[in-house]
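Analysis of the macromolecular model
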Amino acid sequence: MVEESPGGDTPSGMRPGAGELEYRLRQQSVLADFGIEALRARDLDPLLQRAVELCADGMQSRYCKFLEGCPDRDKLLVRNGVGWRVGVVGQIEMRADIGSPAGFAYQTGEPVISNHLENETRFRTPAFMADHQIRRAINVLVHAGGDRFGVLEVDSPDEGKFEAADLAFMQGFANLIGVAIERQQTEARLNDALLHQELLTREASHRVKNSLALVSAMLNLQMQEDDDPRITRLLGDAQARITAIAQAHDQLWRGDKVGIVRLDDLVCGIVTQLGEQSPCHDIVCEIIGLELSADSAIPIGLLVTELVTNAIKYAYGEEGGTITVRIAATDPGIEITVIDNGAGLPAGFDVKTASRTSLGMRMIASLVRQLRGEIEFDDAGPGTRVTVTADPRT
């Protein structure tokens, strides 16, 4: 709704003699500056405050405000503003009906120009605006996500008039505000969705860990019931492998980053449990604090489990000894080393041949391939050194 005024007045805030072109170019420059800020903004309140400041500057007026719609109370709140006395911004509310310029814009979606508020028959003048001796106002609706969000209004106590051309400038501000609000709302929804997905992932990892712990406990009970040493050994191997996977899932739900495991926490946890099951062995853990995805960390945990279990079984016998597990960073990946000072490799040992007859060796070979690595057995002595080079981050 545009009120026509007699000719002879200058556009809002224009100094006598200032050219219309200069005035409009200045508005375009201010609008462009705000567009950059709107694209970068992450918080709504600073954005709205910057909007009223720049909008007032572009219109060369002392007063500008943003009125946020409160549909539950049928009110418009002066959320942000410039030029107003203390007690207006953040506190004053107006009725959101068509009886005021801002209310009319909010309800109908039509822009409003009123250049002579003191003579207005269409609208009432809110008391706080009368207290500031406001003579004219220009209002545009701000949409966000297809909904009415609020009204951007520039006011002036000076003579002159707001023109229809000023609406283009004001509408540009309103459009940028609306787009920024929509973007922030979308980002908030995406963030909520990511948080929900993170919660579900943590819960799933926690439940998998608990389920694996239950399976491990059942295997332990079965080992106690069975007198066959071979069956007991096989069940013990299965329990160790299940424990390694459970350790990884325990790290997944406890960690700060979803889907990420700290290698030192995982491997040292596995080594500690293997040491508790073989108290005659002293297992030393020297692991870098590298963060890896679960897809890489779980095969490493299983690989270490198999290599340490082999050393426990075959390196020393019942008297036990020291086993050292090291994982160091290389360029571009990591180097996993398991060292013992025991009996060394059997005569004629060959990895390929052993993989055909031993489940543990087949698993080791498969895990090395999964990590895109290479394995080397060295018994130059004393004992055995097994080295795996891999790049699990690729």
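Scroll up to find the structure this text is about.
First, a word on what this report is: a plain description of the structure on this page. All values derive from a computational prediction rather than experimental measurement. (Residues numbered from 1 in each chain as written. Predicted model: local features only at pLDDT ≥ 70, side-chain atom pairs only at ≥ 80, totals over all residues. Heavy atoms only, no water.)

**Observations regarding the packing of aromatic side chains**
As enumerated under the stated definition, the model contains 7 aromatic pairs in all. Seen in terms of ring centroids, F104 and F123 are 5.7 Å apart; in terms of plane orientation they differ by 65°. Their pairing is edge-to-face. Of this pair, F104 sits in helix α3 (residues 101–108) while F123 sits in the loop between β4 (112–114) and α4 (127–131); the two residues are 19 residues apart in sequence, bridging distant segments of the chain. Take F104 and F123: they sit in the same class, and that class is buried. Connected via pairs of aromatic rings, a cluster forms that spans F34, F169 and F173. The ring of F162 has R136 sitting right over it, with the charged end atom 4.6 Å from the ring centre. (Phe/Tyr/Trp six-rings, centres within 6.5 Å; stacked < 30°, edge-to-face > 60°. Helix = DSSP H or I, 4+ residues; strand = E, 2+ residues; numbered from the N terminus. Buried < 20%, exposed > 50% of the residue type's maximum accessible area, 1.4 Å probe, protein only. Lys NZ or Arg CZ within 6 Å of the ring centre and 35° of its normal.)

**Overview of the sheet that holds strand β12 (residues 374–378)**
Within the open sheet, the 5 strands sit side by side as β8-β10-β11-β13-β12. Their pairing is mixed. The open sheet has two free edges, formed respectively by β8 (282–287) and β12, since each of these has just one partner strand. Between one strand axis and the next, the sheet turns by 10° as a mean value, whatever way the strands run. The pairing of strand β11 (residues 334–340) with strand β13 (residues 384–390) spans 7 bridges and is antiparallel. Residue pairing in the sheet places T337 in a bridge with T387 of β13. Packing against the sheet, helix α7 (residues 263–277) makes contact with β8, β10 (322–329) and β11, and its axis sits at approximately 180° to β8. (Pairing = 2+ DSSP bridges. Axes fitted to C-alpha atoms, helices over the stretch in contact; angles between N-to-C directions. Contact = heavy atoms within 4.5 Å.)

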